[in-house]
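One letter stands for each residue in the lines below.
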Amino acid sequence: MKLLTKASGIYLLFLLSLYLITALAFYWITRVVIYDEVESRLQVEKRDFEAYIQLHQAWSSSCYFVENKIEVVPVTYKEPITEMYKDTLIYNRYEDQDDPFRQITFYTKIGNADYKVSIRKSLIQTYKLIEVITFVMVTFLSLLLILMYWFQRRLSGNLWKPFYNTLSKIKQFDLTSVTPIDLKKEEVDEFDELNQVLKRMAEKMQHDYRSLKEFTENASHEIQTPLALINVRVEQLLQSSSLSQQQTYWIDEIYQASRRMSRLHQGLLLLTKIENHQFRDAEEVNLTELAKNKVLDFEEFLIMRQLTVDVDLKEPFLVNISPALADSLVNNLLSNAIKYSKPEGILRIFTHARQLCIYNSGEPLKNDPEKLFDRFKKDSDGSESLGLGLAIVKQICENYQLQLQYTYSYGMHCFCVSAPVSKLS
C-alpha cells in the first residue's frame, strides 16, 4: 500500500468518525432546543388555562384554546406527580393516522373537585423542521467532507511529489553508469536533505564500484600472468631428465598448487564480476541447445567414468542471460554432476520450456544441503574440488531471477534451474 493511499485512508476514517459524531450531536442539540421551545409554549398554555379557571371557576370548551388539545379528567384522589412531560400519539380522523404530540400533565382544582389536565401541542411542524435542518446539515457536512478529502489528497500529492520523483530516479539509477544521479534542490527542507544524502551515497557507490571493477580487472591481469608463467616454467622443469625423484615430486606438487591457485583466482574473479553485475550483454539463450553441446564437450569424461547418459532435450528452454554466464551455469552443473557421480552410474539431463534438470547417481550428502551452494562448501574432501562451482551457479541464478533447487531421492541427486515465478504463473 502506498504512503499517500494509507494516509488518505486514515484521514478519511477520521473524517467519517468526526462527521458521524458531529451529525449526532447536532441532531441531539437541535431536538433539545426545539423541544425546549415546545415545552415553553406548553407552559404558556398552562398559565392561560390556570388563569381561565381562576377567573371562571369552571371549565368548558372555548375557541380560546382552539389551537391546542386540552383534556380535563376528574380524579378521586390527587396523584403524587404534579407535572410531567411526555410524547404521545393522537389519532387524526381527517388523515386516518396517528400524529405526534408533546404533552404536559398536571393536577389542579376546579371548584371543589380535583382534575387531571393534559395539554398537548402538535409536533408535526417540529418534526418537519428537524428533518429539514438535519437534511441541510447532512448535505453541507457531506459536501464539506468531500471537499476536505479532495483537498487533503491534492495537498498530500503535491507535498509528496518530490519524494516520488526522487524514488523514481533511484529506481532508474544505474550503478555502472558514469553519469551521477540527478536530484534537484527541493523547497521542503526534509526532502532536500534526503536528496543530498542519497546523492552522496550514490556517488560513493559509483566510486566504489569503479574502484572494485578496476581492482578486479587489474587483479585478473596482474595475478594471472605470473601464475601462467609459473605453470610454464614448472612444466619445463618436469620435462627435465636431470631431476631426482624427490625433486620431481616437489615440483609436481608446486605445479598442482599453482594450477589450483589459478582456478581459484579465476573462480573468485568470476564471482566478483557476477555480484557486481559486470556482465551487461544479456540476450536470449537456449539452455537446451547449450546443454546438448556441453554433453558432447564432456564426452571423454563420461566415457572415463563409464556413466550411462540419458538425455531428454526436446523443448527449448529460453532465458534472457549473458551468454558467457549461461555457458558457465551449464558447465558448472554438468561438471559437478559428472565429478560427484559414482563410477558406472547414471547421468540424466532433462529440459522443457521452463526448466533444466540434471540428475546424477550418488550417495546421500554428508553435510547440510542448505549449505551446498555456499562458497568453499563441498561434500567431499577431494583436493581437486574448489567449492566454488555451485556458488557461481547460485549467484548467476540470483542475478537473473532464476529458481535453483536441489533434491535427493531414490539415489539420485537433482539440480533444477527454473524460469522466474512470474513467468511460470
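Residues numbered from 1 in each chain as written. Predicted model: local features only at pLDDT ≥ 70, side-chain atom pairs only at ≥ 80, totals over all residues. Heavy atoms only, no water.

As recorded by an unreviewed UniProt entry, the protein carries the name histidine kinase and is attributed to Xanthocytophaga flava. UniProt lists a comment for the protein under the heading Catalytic activity (unreviewed entry), and it reads "ATP + protein L-histidine = ADP + protein N-phospho-L-histidine." (UniProt positions renumbered as here; feature names shortened; annotations may be inferred.)

Looking only at helices and strands, the protein has nine helices and 11 strands in total. Here the protein holds 425 residues, and 32% of them are scored as buried. Sequence-distant contacts, at least 24 apart, represent 67% of the contacts inside the protein between residues at least 6 apart. As displayed, the protein offers around 27400 Å² of accessible surface, 57% of which is attributable to carbon and sulfur atoms. (Helix = DSSP H or I, 4+ residues; strand = E, 2+ residues; numbered from the N terminus. Buried < 20%, exposed > 50% of the residue type's maximum accessible area, 1.4 Å probe, protein only. Contact = heavy atoms within 4.5 Å. Areas by Shrake-Rupley, 256 points an atom, 1.4 Å probe, with all protein chains shown as cover.)

With that settled, the discussion passes to helix α7 (residues 323–339). With 17 residues, α7 should reach 24 Å at 1.5 Å per residue; the first-to-last C-alpha distance of 24 Å fits that figure. Those residues of α7 that fall on the buried side of the exposure criterion are L325, A326, S328, L329, V330, N332, L333, L334, N336, A337 and I338. (Expected span 1.5 Å × (residues − 1).)

Inspection of the entire model under this criterion finds one disulfide. You can see C414 has no disulfide; the closest cysteine sulfur is in C416, sitting 3.4 Å from it. Exposure remark for C414: the relative accessible area of 6% places this residue in the buried category. (Disulfide = S-S within 2.5 Å.)

Turning to the pattern of salt bridges, a few remarks are in order. For the coordinates displayed, the defined rule picks out nine salt bridges. The partner of K46 in a salt bridge is E83, with the nearest N and O atoms 2.4 Å apart. In this pair, K46 is assigned in helix α1 (residues 3–56) and E83 in strand β2 (residues 83–92), connecting sequence segments 37 residues apart. Through salt bridges with shared partners, a single network forms among R31, E39, D87 and R102. (Salt bridge = Lys/Arg side-chain N within 4 Å of Asp/Glu carboxyl O.)

Feature annotation in UniProt assigns "transmembrane region" (unreviewed entry) to the following positions: residues 9–29 and 132–151. Segment residues 9–29 splits into 100% helix and 0% strand. End C-alpha atoms: 30 Å apart. Within residues 132–151, the helical portion is 100% and the strand portion 0%, while the C-alpha atoms at the span's ends are 28 Å from each other.

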